[in-house]
Amino acid sequence: MARKWEGAAGLLLLGLAVLLHRTVTDDAAKRRLEHWRNAALRAAYRRGVPVEVLASRTRLTQGWVKKVVTGGDPPPVDKAA
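Residues numbered from 1 in each chain as written. Predicted model: local features only at pLDDT ≥ 70, side-chain atom pairs only at ≥ 80, totals over all residues. Heavy atoms only, no water.

This next bit is on the nonpolar core. One recurring pattern in soluble globular proteins is that nonpolar side chains are buried together. Listed in full, the nine residues of the largest apolar core are Leu41, Val51, Leu54, Ala55, Leu60, Trp64, Val65, Val68 and Val69. Breaking this core down by element, the ones donating at least two residues are helix 3 (51-58) and helix 4 (62-70). At four residues, helix 4 tops the list of elements feeding residues into this core. Ignoring anything within four residues of it in the chain, the contact list for Val69 reads Leu41, Arg42, Tyr45, Val51 and Leu54. (Core = buried A, V, L, I, M, F, W, Y, C linked by side-chain atoms within 4.5 Å. Buried < 20%, exposed > 50% of the residue type's maximum accessible area, 1.4 Å probe, protein only. Helix = DSSP H or I, 4+ residues; strand = E, 2+ residues; numbered from the N terminus. Contact = heavy atoms within 4.5 Å.)

See below:
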């Protein structure tokens, strides 16, 4: 009985690993996560959080954060601060 459950549990864990791998490494998923991050940055900025704090907490440059919160296009390279 234990072997039957171990095999099923192993296959479920493998399926979970594959799902997580595809979710994290897929380009569309990465763009989606960045879109959500940018939306959260804009919402925080609208509620009074200064650009300097947003940049320091997210480890992004202030120039990049300013472009995101003002609705402009971000620089082509996303650099850490």
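From this point, things continue past the structure.
Moving on, we come to the environment of Ala55. Structurally, the position occupied by Ala55 is in helix 3. Using a relative accessible area of 3% as the deciding quantity, one classes Ala55 as buried. Each C-alpha atom of the pair Ala55 and Val65 lies 6.2 Å from the other, and the pair is ten residues apart in sequence. Leave out the neighbours within four places in its chain, and Ala55 touches Leu60, Thr61, Gln62 and Val65.

For the rest of this paragraph, the subject is helix 3. Helical periodicity: at 3.6 residues per turn, an α-helix aligns residues three or four positions apart in one direction. Restricting attention to buried positions, one finds in helix 3 the residues Val51, Leu54 and Ala55. Seen from one end, helix 3 has its buried residues packed into an arc of 95 degrees, which puts them on one side. Set apart from the buried face of helix 3 by more than 90 degrees, the exposed residues are Ser56 and Arg57. Contact partners of the buried residues in helix 3: helix 2 (27-46) and helix 4. Remark: Arg59 follows helix 3 within two positions and exhibits a positive phi of approximately 60 degrees. (Arc of directions from axis to C-beta.)

The quantities given are spatial measurements derived from coordinates; they are silent on function.
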